[in-house]
Amino acid sequence: MDALMPRLLVARFAECFRFYDAVLPELMGAVRQKGDADGWYANWDLGDEAVLSLLDRAAMAAVTGTAAEPPSGPTVPDALMLTCRVEDVDARLAFCLAHGGTLVVPATDRPEWGPTMRTAHLRDPDGNLIELQSY
């Protein structure tokens, strides 16, 4: 049983599906269990545990009666960041960018966070923040 499953509500479902379907198996060995680019829901697991699920934002808005689009603009802060521990931040960043990610901060050593910490930050096709880290 999944104790907590991260579910991203995305406006650009097909693009996000293709991005995560390409990068999750490579980054962490997650396997798609359900969904395709033409749908409204998809999920990836690692063993018996959920890693990530995507849900079309408009589909969820129809259920909850809320706006289909969140506030946007340059001053809206991120409410969520997906963090993925990888062996080689630089290589995995290049892989993610090649599959539609957008660079936010290049790979950087962060000794103030830990003696061997290295991170990079990017956004998925829907603008969600992702941190790749090694330590």
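Each chain has its residues counted from 1, following the order in which its sequence is written. A pLDDT threshold of at least 70 governs which residues receive local features in this predicted model, and a stricter bar of 80 or more applies before side-chain atom pairs are shown or counted, although totals over entire chains, interfaces and linings include all residues. The basis for the side-chain values is all heavy atoms of the structure; hydrogens and waters are excluded.

1. Observations regarding the overall build of the protein
Heads up, the condition is: Secondary structure is summarised from DSSP: a helix means a run of H or I of at least four residues, a strand means a run of E of at least two, and numbering begins at the N terminus for each. The rule is simple: take the accessible area with a 1.4 Å probe, protein chains only, and divide by the maximum for that residue type; under 20% is buried, over 50% is exposed, in between is partly exposed. Contacts between residues were defined by any pair of non-hydrogen atoms, one from each residue, lying within 4.5 Å. The Shrake-Rupley method, run with a 1.4 Å probe sphere, supplies the accessible areas, and residue values consider only the shown protein chains as cover. For this count, His and the chain ends are skipped, Lys and Arg are scored as positive, and Asp and Glu as negative. Taken as the charge centre is NZ of Lys, CZ of Arg, CG of Asp or CD of Glu, depending on the residue.
Scanning the protein for helices and strands turns up 3 helices and 8 strands. Scanning the protein from its N terminus toward the C terminus, one meets helices and strands in the order β-α-β-β-β-α-β-α-β-β-β. When the backbone C-alpha atoms are referred to their principal axes, the protein occupies close to 45 × 40 × 30 Å. Buried positions account for 36% of the 135 residues belonging to the protein. Long-range pairs, those at least 24 residues apart, make up 52% of the contacts in the protein between residues at least 6 apart in sequence. With an accessible surface of roughly 7800 Å², the protein has 55% of that area assigned to carbon and sulfur atoms. Separation of charge centres in the protein, based on 11 positive and 20 negative side chains, amounts to 2 Å.

2. Here's the deal with the sheet that holds strand β1 (residues 7-10)
We apply this condition: In this scheme, strands are said to pair when DSSP sees at least two bridges between them. Inter-axis angles, ranging from 0 to 180 degrees, are taken between N-to-C directions of lines fitted to C-alpha atoms, where helices are fitted over the stretch in contact.
Pairing is mixed in the open sheet, where 4 strands are placed in the order β1-β4-β3-β2. Among the strands making up the open sheet, the edge pair consists of β1 and β2 (31-34). Across the sheet, the axes of successive neighbouring strands diverge by a mean angle of 25°, strand direction being ignored. One ladder, built from 3 bridges, connects β2 with strand β3 (residues 41-46); its direction is antiparallel. Across the sheet, R32 pairs through a bridge with W44, a residue of β3.

3. Some words on the packing of aromatic side chains
As a reminder, the rule being used: Here is the rule: rings of Phe, Tyr and Trp (six-membered ring for Trp) pair when centre to centre is within 6.5 Å. Planes less than 30 degrees apart are stacked, more than 60 are edge-to-face, and the remainder are tilted.
Following the criterion strictly, the structure yields 4 aromatic pairs and no others. When the ring of F13 is compared with that of F17, the centres are 6.4 Å apart and the planes differ by 25°; the resulting orientation is stacked. Placement of both F13 and F17 in helix α1 (residues 13-28) is noted, with a separation of 4 residues, approximately one turn of the helix. Like F13, the residue F17 is buried in the burial classification.

4. Quick word on α1
Threshold: To estimate how far a helix should reach, multiply one less than its number of residues by 1.5 Å.
Along its 16 residues, α1 runs 21 Å from first to last C-alpha, staying within 8% of the 22 Å computed at 1.5 Å per residue. What α1 keeps buried is the set F13, C16, F17, F19, Y20, V23, L24 and L27. Count one or two residues on from α1 and you reach G29, which has phi positive near 80°.

In short, shape yes, function no, at least from these values alone.
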